[in-house]
Amino acid sequence: MSSFPDEFLTIMIAYSSLFSKPVFVHARLLLAGAILAPGKRTVTSALRVLGLSEETKFHKYHRVLSLARWCALEGAHVLLGQLLAAFLAAGPVVVGIDETIERRWGSKINKRGIYRDSARSSRAHFVKCSGLRWISLMLLLPMSWAGRVWALPFLTVLAPSERYAQEARKRHKKITDWARQMLLQLKRWLPERQVIAVGDSSYAVMELLAAVRSHVTFITRLRLDAALYEPAPARVPGKPGRSRKKGERLPSLQEVLKCAATKWQKVKLTNWYGHGEKEMEIATGTAVWYHSGKPVVPLRWVLLGDPEGKLTPVALLSTDLELPAETIVLYFARRWSVEVTLEETRAHIGVETQRQWSDKAIERTTPVLLGLFSIVTLLAERLQKQGMLLVDTAAWHKKEKPTFSDAIAAVRRLLWQKIDFSTSDKQTEMVKIPKPLLQHFQHMLANAA
């Protein structure tokens, strides 16, 4: 492939300042190859799909990931700016934060650990796996042409195992430590925007909430038996001793759930964890979450119940006490799109198929592949405006809105159409394909799996 479409080049040019000129040429080719390649997303598979299988200096492409000087954090900043410019020029920035396990084995992978495999485990069945633990920040954006919220990754970091920290004689950083640093970094990038972070119960930790609440609004689950109190009363002038941290103990949310005096408000949710349109009941209030020896966290709690009794009651918290209860629920419901994105990246982007061994290459490859999901979405947005984003349907599979498989297929068509069939008359319906190119297509189809 000697050239690229203008849509692709316009997005890629924003990253040119991260690389030297020769490295940027190689990085651009690798990114296009990662989009076009079927199956594994190794450097060699990216070169093959671009027709560079005879490239004798292939080691230069490996060095883009393992040795070249460029900063993935700066790349995340650029990608965030592109996403906001394309989809959310103003208003609150809602992000999801979650961790995922990249299943990998190998004695040379220093930072891997043994973790619970959430995709294969259940409440009754515990499955462990060897792999790398990643924490990702994703923009949670309603995509008008897709008819649902998409989670677009832009910043992903590796959280090494505790075993690695002990062997390397380094301080082990917990998931919440990484989350705090990532959210504060995001706020530094967006000092003028309201940032709302949504996470699961792993992030319902007092130390984390207290550290970020003055910068970022955090929405997560809350235990039904959490110790909630009234705010501390005003200090009496002249009274000796320390200031109080809390007031009187409040009923637990379990008690509120059973109390006949609780005021419930009916709301209609369009998409609550795969249940489609669902009528639910919510109750809300403010309190102080307190535990001895830990920071005090003022919060707004929201109880979410099912009038039909089919769904288990859920308690949510928001560190913004002024945020309406219904808005808190709607923002939290966006979190499900994070799980969808993680599955799509495995199915269509090739996460877990890369085979780098050096620490630097490992720490760069997975964030780039997750970021590739967002870059494909940016390209799909431009193609949709041109009427080039088609929906792949069949007699046995009817769908009205594009999915990510349609988005990446449209981007691939865009890249392949740039090939110049110079031997063909543009006025005819017949296209003459050069024999080497036809053999290349046949080779890629035969080895697609």
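That block above? That's the structure.
Residues numbered from 1 in each chain as written. Predicted model: local features only at pLDDT ≥ 70, side-chain atom pairs only at ≥ 80, totals over all residues. Heavy atoms only, no water.

Student: Sorry, what's going on with the pairing of strand β3 (residues 128–143) here?
Tutor: For a regular strand, the rule is simple: side chains alternate between the two faces of the sheet. With 14 of 16 residues buried, β3 lies mostly within the body of the structure. In terms of strand pairing, strand β1 (residues 93–103) meets β3 through nine bridges, oriented antiparallel. The residue bridging Ile-101 from the neighbouring strand is Arg-133, located in β3. Direction of pairing for strand β2 (residues 113–116) relative to β3: antiparallel, over a ladder of four bridges. Paired with Gly-113 across the strands is Gly-131, a residue of β3. The sheet contact formed by β3 and strand β4 (residues 148–158) spans 10 bridges and is antiparallel. Bridging across to β4, Leu-139 finds its partner in Leu-152. Connecting β3 to the antiparallel partner β4 that follows it, the hairpin turn spans four residues, and Gly-147 within it adopts a positive phi of roughly 75°. (Buried < 20%, exposed > 50% of the residue type's maximum accessible area, 1.4 Å probe, protein only. Helix = DSSP H or I, 4+ residues; strand = E, 2+ residues; numbered from the N terminus. Pairing = 2+ DSSP bridges.)

Student: What is the right way to look at the packing of aromatic side chains in this model?
Tutor: To describe a pair of aromatic rings, one takes the distance between the centres and the angle between the planes. For the coordinates displayed, the defined rule picks out nine aromatic pairs. Centre to centre, the rings of Phe-4 and Phe-8 are 5.2 Å apart; their planes meet at 35°, and the pair counts as tilted. Across the pair, Phe-8 and Phe-4 agree in class, each one buried. Aromatic ring contacts, followed pair by pair, group Trp-145, Trp-150, Phe-373 and Phe-404 into a single cluster. The ring of Tyr-229 has Arg-249 lying over it, and the distance from NZ or CZ to the ring centre is 5.4 Å. (Phe/Tyr/Trp six-rings, centres within 6.5 Å; stacked < 30°, edge-to-face > 60°. Lys NZ or Arg CZ within 6 Å of the ring centre and 35° of its normal.)

Student: Looking at this structure, how should I read a nonpolar patch on the surface?
Tutor: On the surface, Val-431, Ile-433 and Leu-438 cluster together into a nonpolar patch covering about 240 Å² of accessible area. By the element assignment, Val-431 lies in the loop between α13 (404–417) and α14 (435–446). Val-431 sits in the partly exposed class, given a relative accessible area of 48%. (Patch = residues over 30% accessible without salt bridge, like charges linked within 9 Å, V, L, I, M, F, W, Y side chains within 5 Å. Areas by Shrake-Rupley, 256 points an atom, 1.4 Å probe, with all protein chains shown as cover. Salt bridge = Lys/Arg side-chain N within 4 Å of Asp/Glu carboxyl O.)

Student: Please explain the pattern of salt bridges as it appears in this structure.
Tutor: It is possible for side chains bearing opposite charge to pair when their charged atoms get close. The full count for this structure, using the stated rule, is 15 salt bridges. Between Asp-98 and Arg-335 there is a salt bridge; the shortest N-O distance is 3.5 Å. Remark: Arg-335 occurs in the loop between α10 (325–333) and α11 (336–349) and Asp-98 occurs in strand β1; sequence separation between them is 237 residues. In this pair, the class of Asp-98 matches that of Arg-335, namely buried. Where Arg-346 meets Glu-352, a salt bridge forms, and the shortest distance between an N and an O atom there is 3.2 Å. On the basis of relative accessibility, which here comes to 23%, the residue Arg-346 falls in the partly exposed class.

Student: Mind showing me how you'd approach α13 here?
Tutor: Residues lying three or four places apart along an α-helix face the same way, a consequence of the helix completing one turn every 3.6 residues. Its 14 residues place the ends of α13 20 Å apart at the C-alpha level, agreeing with the 20 Å of an ideal helix rising 1.5 Å per residue. Those residues of α13 that fall on the buried side of the exposure criterion are Phe-404, Asp-406, Ala-407, Ile-408, Ala-410, Val-411, Leu-414 and Leu-415. Here the buried face of α13 lies against α1 (6–12), α2 (21–36), β4, α11 and α12 (359–385). (Expected span 1.5 Å × (residues − 1). Contact = heavy atoms within 4.5 Å.)

Student: Mind showing me how you'd approach the nonpolar core here?
Tutor: A general trend in soluble globular proteins is that nonpolar side chains are found buried together. In terms of nonpolar packing, the biggest core is built from 129 residues, with Val-95, Leu-139, Phe-154, Trp-272, Trp-289 and Trp-301 touching the most fellow members. Looking at this core element by element, the count peaks at 11 residues for α12. When residues no more than four places from it in sequence are discounted, the contact partners of Trp-301 are Leu-222, Leu-228, Leu-253, Val-256, Ala-283, Thr-284, Gly-285, Thr-286, Ala-287, Leu-316 and Leu-317. In this structure, Ile-109, Trp-134, Leu-158 and Ile-362 belong to the second largest nonpolar core, which totals five residues. (Core = buried A, V, L, I, M, F, W, Y, C linked by side-chain atoms within 4.5 Å.)

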